[in-house]
Amino acid sequence: MVSFKSLSLTTRIVIGMFAGILIGAIIQFGFPDNNFVKEYIVEGLFFVGGKVFVNSLKMLVVPLVFVSLICGTCSLSDPSKLGRLGGKSILLYLATTAIAITTAITLALVIAPGEGQDLVSDATFAAKEAPSLSQVLVNIMPSNPIESMAKGNMLQIIMFALLFGIAISLSGESGKRIADFFNDLNVVVMKLVVILMNLAPYGVFFLMAKLFSEIELSTIGNLLKYFLVVLLALFIHALVTYPVILKLLSGLNPVIFIRKMRDAALFAFSTASSNATIPVTLETATKKMGVHNNVASFTVPLGATINMDGTAIMQGVATVFIAQIYGVDLNINDYLMVILTATLASVGTAGVPGVGLIMLAMVLQQVGLPVEGIALIMGVDRLLDMTRTAVNVTGDTMVTCIVAKSEKELDIEVYRNPWAGHKDERL
Ligand code: ASP
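Basis of the calculations
Within any chain, residue numbers begin from 1 and follow the written order of that chain's sequence. Residues qualify for local features only when their pLDDT is at least 70, as the model is predicted, and side-chain atom pairs are given and counted only at 80 or more; totals for whole chains, interfaces and linings, by contrast, use all residues. To get the side-chain values, take all heavy atoms of the structure and skip hydrogens and water. A run of DSSP states H or I qualifies as a helix once it reaches four residues; a run of E qualifies as a strand once it reaches two. Both are numbered from the N-terminal end. The size measure is the radius of gyration over C-alpha atoms, and the globule rule it meets is 2.2 Å times the number of residues to the 0.38 power. Contacts are assigned to residue pairs with any non-hydrogen atoms lying within 4.5 Å of each other. Only the protein chains shown count as cover for residues, and the accessible areas themselves come from Shrake-Rupley with a 1.4 Å probe. Think of it this way: Lys and Arg go in the positive column, Asp and Glu in the negative one, and His and the chain ends go nowhere. Taken as the charge centre is NZ of Lys, CZ of Arg, CG of Asp or CD of Glu, depending on the residue. Any Lys or Arg side-chain nitrogen found within 4 Å of a carboxyl oxygen on Asp or Glu counts as a salt bridge. The rule is simple: take the accessible area with a 1.4 Å probe, protein chains only, and divide by the maximum for that residue type; under 20% is buried, over 50% is exposed, in between is partly exposed. Polar contact criterion, stated in full: a pair of N or O atoms within 3.5 Å, where within protein one must be able to donate a hydrogen and the other to accept it, and residues adjacent in sequence count only if both atoms are side-chain atoms. To be near a molecule or strand, a residue needs just one of its heavy atoms within 4 Å of it. Amino acid classes used here: Ala, Val, Leu, Ile, Met, Phe, Trp, Tyr, Cys and Pro are nonpolar; Asp, Glu, Lys and Arg are charged; the rest, including Gly, are polar. To define a nonpolar core, start from buried Ala, Val, Leu, Ile, Met, Phe, Trp, Tyr and Cys residues and group those joined through side-chain atoms within 4.5 Å. Stacked, tilted and edge-to-face are the three classes applied to pairs of Phe, Tyr and Trp rings, where Trp contributes its six-membered ring and a pair requires centres within 6.5 Å; stacked means planes under 30 degrees apart, edge-to-face means over 60, and tilted covers the rest. Helix axes are fitted only over the stretch in contact, all axes being lines through C-alpha atoms; the angle between N-to-C directions runs from 0 to 180 degrees. In this scheme, roughly parallel covers angles under 35 degrees and roughly antiparallel covers those over 145, while 65 to 115 is roughly perpendicular and the rest are oblique. Each crossing is labelled by how the near helix is turned from the far one, with a counterclockwise turn of less than a right angle marking it left-handed and a clockwise turn marking it right-handed. Helix span, as expected, comes to 1.5 Å for every residue beyond the first. Disulfide: a pair of cysteine sulfur atoms within 2.5 Å of each other.

K.L.:
Looking at this model, I keep getting lost on the overall build of the protein chain. Mind explaining?
P.N.:
Helix and strand counts for the protein chain stand at 21 helices and zero strands. Taking 427 residues into account, the globule formula puts the C-alpha radius of gyration at 22 Å, and the protein chain, at 22 Å, falls close to it. Residue pairs in contact within the protein chain that sit at least 24 positions apart in sequence constitute 85% of those at least 6 positions apart. Here the protein chain displays about 18600 Å² of accessible surface, and carbon together with sulfur accounts for 66% of that area. Looking at the protein chain, you have 28 positive and 29 negative side-chain charges, and the mean spots of the two groups are 11 Å apart.

This is the structure we're talking about:
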């Protein structure tokens, strides 16, 4: 008999996921009105277990990004490289998002998920104020780095760590001592990531069991077409667009890439948060894909913050869907506006569950569609949120690989080795 522990981490997470879905479904259909189950198992055990797991991942994000980015910056032989890294990755992040939303709009226009539907919804949606672009830009420079860390403001933390790293590399002997300290700290923090990743099968089990014991799958019935169009666009983007871009821009084998993305995608799927997945994405990029830390430590957290291809896909399909339901005709200028706004909105979307819907309000307002339309699709958003987060994270890693390859910061032996990083996942 093989023991659970001897299985690979991916297999263990998948088992945890399906066991959770099964138990959740049994509770939903077998014990619909059982107060004990609801109170002690679903809201008790599952809630606590899932929350503790997600919190443990989030706990690592700030120290990990800060420490590894400092290590990355001070190991850069040529600080001017930073500008190039930043330029390339931001350009690629924006371009892939624009492609994503264009695919989504095209598919939605062809399949027309909202035609002939007569949905009435009594749910209401109060749009939260979306930050303006100038505010997003001003906010990049932290006025108080400790506050940025306390609040988990990723762009500010990135900014501070970059400046700190540059200062270290310019500080001679003292800088070298500090750099050694941060390098050691990085090893320790990465070990902590591995420890927590090994708890993932249980954490994922709790998250799935809670979700599936409560989720109203019947709402999917009404919105089936919308749901399927978003899923289809997400799959096309992840399994066709990304492989083509990766091959064209870096020459790397896309099959290896997709295979190595499994763990990070599973984490993203179960947590619905690119931010909480940063530790795993960083581990995947460095240990499995062979990207050097000086690139990955910068591009991964940046991507988790500003690159949301999956979210943009949902927004594209949702906009067309809502326009069709309300019988509003959008013209080509409106669609261009949607592409532009959704691409910029993704810069301001935080990598946490559900924000994509809030930013959708900004896109709808731009083209004069009723924001209440969001209430229609809210019911099925959780499952889509999980799937689009997996796409968001895949996009971050792909851009990371392309940029690293172009900067000669990718170890091709590691990339090609199917077992790379597996040993590091064990405790
Ligand atoms: N949950 C997504 C993420 O963290 C953002 C969203 O689409 O709501 O990447």
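K.L.:
How should the environment of Ala 265 be read in this particular structure?
P.N.:
Relative to the helices and strands, Ala 265 is located in helix α12 (residues 262-271). Sequence-wise, Ala 265 and Glu 39 are 226 residues apart; in three dimensions their C-alpha atoms are separated by 31 Å.

K.L.:
Help me out: how do you make sense of the pattern of salt bridges in this one?
P.N.:
Two side chains of opposite charge can pair, provided their charged atoms sit close to one another. All told, the structure shown has nine salt bridges when counted by the stated rule. The shortest N-O distance in the salt bridge between Lys 88 and Glu 407 comes to 2.7 Å. Here the residue Lys 88 occupies a position in helix α3 (residues 80-111), and Glu 407 occupies one in the loop between α19 (381-406) and α20 (412-416), the gap between them amounting to 319 residues. Across the salt bridge formed by Lys 288 and Asp 263, the nearest N and O atoms sit 3.0 Å from each other. Here Lys 288, found in helix α13 (residues 274-288), pairs with Asp 263, found in helix α12; they are 25 residues apart in sequence, far enough to count as distant. Asp 263 matches Lys 288 in its accessibility class, with the two residues each being buried.

K.L.:
Hey, could you run me through the side chain of Ser 89 in this one?
P.N.:
By secondary structure assignment, the location of Ser 89 is in helix α3. With a relative accessible area of 0%, Ser 89 lands in the buried category. Once you skip the residues sitting within four places of it in the chain, Ser 89 turns out to touch Phe 298, Thr 299, Leu 302, Val 399 and Val 403.

K.L.:
Would you explain the environment of Gly 251 in this entry?
P.N.:
Counting through the fold element by element, Gly 251 comes out in the loop between α10 (224-250) and α11 (254-260). Sequence spacing of Gly 251 and Ile 402 is 151 residues, and the spatial spacing of their C-alpha atoms is 8.8 Å.

K.L.:
When you look at the side chain of Ser 250 in this model, what are you seeing that I'm missing?
P.N.:
Tracing the backbone through its elements, the reader meets Ser 250 in helix α10. Overall, the relative accessible area of 7% leaves Ser 250 in the buried class. Within the structure, the side chain of Ser 250 is placed 3.2 Å from the backbone nitrogen of Leu 252, a separation counted as a polar contact.

K.L.:
Would you mind showing me how to read the site of the ligand here?
P.N.:
Close to the ligand lie 15 residues, the nearest being Ser 274, Thr 311, Gly 356, Asp 385 and Arg 388. Here an oxygen atom of the ligand sits 2.3 Å away from a polar atom, N or O, in the side chain of Ser 274. Residue Asp 385 places a side-chain N or O atom 2.7 Å away from a nitrogen atom belonging to the ligand. The element best represented in the shell around the ligand is α19, accounting for four residues. Taken together, the residues of the shell around the ligand break down into five nonpolar, eight polar and two charged.

K.L.:
Help me out: how do you make sense of unusual backbone geometry in this one?
P.N.:
Outside of glycine, negative phi angles account for most residues, and trans bonds account for most peptide bonds. Of note in the backbone geometry, Ala 112 takes a positive phi value of approximately 50° without being a glycine. Note that Ala 112 resides in the loop between α3 and α4 (133-138). For Ala 272, which is not glycine, the phi dihedral falls at a positive 55°. Counting through the fold element by element, Ala 272 comes out in the loop between α12 and α13.

K.L.:
Please explain the nonpolar core as it appears in this structure.
P.N.:
The nonpolar side chains of a soluble globular protein tend to be buried, and buried together. Counting residues in each nonpolar core, the largest one holds 129 residues, and the members touching the most others are Tyr 226 and Leu 360. Considering each element in turn, this core owes the most residues, 14 residues, to helix α2 (residues 35-74). By size, the runner-up hydrophobic cluster in this structure holds seven residues, among which are Ile 27, Val 42, Phe 46 and Ala 209.

K.L.:
Teacher, can you tell me more about the packing of aromatic side chains here?
P.N.:
Aromatic ring pairs are defined here through the distance separating the ring centres and the angle between the ring planes. Counting across every chain of the model gives twelve aromatic pairs. Geometrically, the ring pair formed by Phe 66 and Phe 164 is tilted, given 6.3 Å between the ring centres and 45° between the ring planes. Here Phe 164 lies in helix α6 (residues 154-169) and Phe 66 lies in helix α2, a separation of 98 residues in the sequence. For Phe 66, a relative accessible area of 14% gives the class buried.

K.L.:
I tried to follow the packing of α3 against α19 on my own but got confused; where do I start?
P.N.:
Axis separation between α3 and α19 bottoms out at 10 Å; the angle between their running directions is 140°. It follows from the interaxial angle that α3 and α19 lie oblique. For the crossing formed where α3 meets α19, the hand is right-handed. Of the residues in α19, those in contact with Leu 85, Lys 88, Ser 89, Leu 92, Tyr 93 and Thr 96 of α3 are Gly 395, Asp 396, Met 398, Val 399, Thr 400, Ile 402, Val 403 and Ser 406. Residue composition of the contact of α3 with α19, by class: seven nonpolar, five polar and two charged.

K.L.:
What is the right way to read α19 from this model?
P.N.:
Along an α-helix, residues three or four apart share an orientation, since each turn contains 3.6 residues. Here α19 contains 26 residues, and its C-alpha end-to-end distance of 37 Å stays within 8% of the 38 Å for a straight helix at 1.5 Å per residue. Burial runs high along α19: 23 of the 26 residues are buried. Positive phi shows up at Lys 408, right after α19, with a value of about 55°.

K.L.:
What's the story with the state of the cysteines in this structure? I'm lost.
P.N.:
Think of a disulfide as a covalent bridge from one cysteine sulfur atom to another cysteine sulfur atom. Per the stated rule, a full pass over the model turns up zero disulfides. The cysteine Cys 71 is free of any disulfide, with Cys 74 supplying the nearest cysteine sulfur at 5.9 Å. A relative accessible area of 4% means that Cys 71 is categorised as buried.

K.L.:
What am I meant to see in the environment of Leu 223 here?
P.N.:
Structurally, the position occupied by Leu 223 is in the loop between α9 (218-222) and α10. Residue Leu 223 is classed as buried on the basis of its relative accessible area of 4%. Considered as a pair, Leu 223 and Gly 114 are 109 residues apart in the sequence and their alpha carbons are 8.8 Å apart.

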